[in-house]
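Read off the chains here:
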Amino acid sequence: QVQLVESGGGLVQAGGSLRLSCAASGRTFSYYRMGWFRQAPGKEREPVAAITRSGGSTYYADSVKGRFTISRDNAKNTVYLQMNTLKPEDTAVYYCAADLHYGSSWSNARTYDYWGQGTQVTVSS
């Protein structure tokens, strides 16, 4: 079992930055590929970014590529999402998720085993 707690969300103006954190407890953090997803009102949950167990590879949705950076600190059991040049369309609840599986697509939400409760990010125009 893994517990995930996100933090760092808030209200920011367009063009601004936020850094989300997701602290994990329970089973060994480095066993999990970690991902960030988001869900805007009235829309389906969508993948944002993911990072492999070692942190050696990262993956991004086209909509955030070049603006967002995912990273992890296995010693601190934490994954981060640095979000720069934020746009109003980035407004959503952001969730972190942990995936034990190998060989699955990073962007498939159904492959993730554990989810945090989410943190709200609101970008004003």
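These numbers come from a predicted model, not from an experiment.

A. View of the state of the cysteines. In the structure shown here, the tally under the stated rule is one disulfide. The disulfide that involves C22 links it to C96, with 1.9 Å between the sulfurs. The disulfide joining C22 to C96 has a torsion of about 45° about its S-S bond and is therefore right-handed. Note that C22 is positioned in strand β3 (residues 18-26) and C96 in strand β9 (residues 92-99), a separation of 74 residues in sequence.

B. How the structure looks around the environment of S125. One can find S125 in the segment after β11 (119-124). By relative accessible area, S125 is classed as exposed at 87%. Sequence separation between S125 and L86 is 39 residues; the distance between their C-alpha atoms is 9.8 Å.

C. The packing of aromatic side chains, seen in detail. Going through the model one piece at a time under the given rule, you end up with five aromatic pairs. Their ring planes at 80° and their centres at 5.1 Å tell us that F37 and Y112 sit as a pair that is edge-to-face. Here the residue F37 occupies a position in strand β4 (residues 33-39), and Y112 occupies one in the loop between β9 and β10 (114-115), the gap between them amounting to 75 residues. On the basis of relative accessible area, F37 is assigned to the buried category, the value being 1%. Taken together, F37, Y112 and W115 form an aromatic cluster joined through their ring pairs. The ring of Y102 has R53 sitting right over it, with the charged end atom 3.9 Å from the ring centre.

D. The arrangement of the pattern of salt bridges in detail. Per the counting criterion, the structure on display carries five salt bridges. With a closest N to O distance of 2.9 Å, R38 and D90 form a salt bridge. Of this pair, R38 sits in strand β4 while D90 sits in the loop between β8 (78-83) and β9, and the two are 52 residues apart along the sequence. Here R38 matches D90 in class, with each residue buried. In this structure, the salt-bridge partner of K65 is D62, at a minimum N-O distance of 3.1 Å. A single network of salt bridges, built from pairs that share partners, joins R38, E46, R67 and D90.

E. Structural detail: the nonpolar core. Core analysis: the largest hydrophobic core is formed by 31 residues, its most contacted members being L4, M34, W36, L81, M83 and Y94. In terms of nonpolar packing, the next biggest core, distinct from the first, is built from five residues, F37, A50, A97 and W106 among them.

F. Representation of the sheet that holds β8 within the structure. One open sheet holds the four strands; their spatial order is β1-β3-β8-β7, and the pairing between them is antiparallel. Two strands lie at the open edges of the sheet, namely β1 (2-7) and β7 (68-73), each paired on one side alone. Looking at each pair of strands side by side, their axes are set apart by 15° on average, direction ignored.

Analysis parameters
- Residues numbered from 1 in each chain as written.
- Predicted model: local features only at pLDDT ≥ 70, side-chain atom pairs only at ≥ 80, totals over all residues.
- Heavy atoms only, no water.
- Disulfide = S-S within 2.5 Å.
- Helix = DSSP H or I, 4+ residues; strand = E, 2+ residues; numbered from the N terminus.
- Buried < 20%, exposed > 50% of the residue type's maximum accessible area, 1.4 Å probe, protein only.
- Phe/Tyr/Trp six-rings, centres within 6.5 Å; stacked < 30°, edge-to-face > 60°.
- Lys NZ or Arg CZ within 6 Å of the ring centre and 35° of its normal.
- Salt bridge = Lys/Arg side-chain N within 4 Å of Asp/Glu carboxyl O.
- Core = buried A, V, L, I, M, F, W, Y, C linked by side-chain atoms within 4.5 Å.
- Pairing = 2+ DSSP bridges.
- Axes fitted to C-alpha atoms, helices over the stretch in contact; angles between N-to-C directions.

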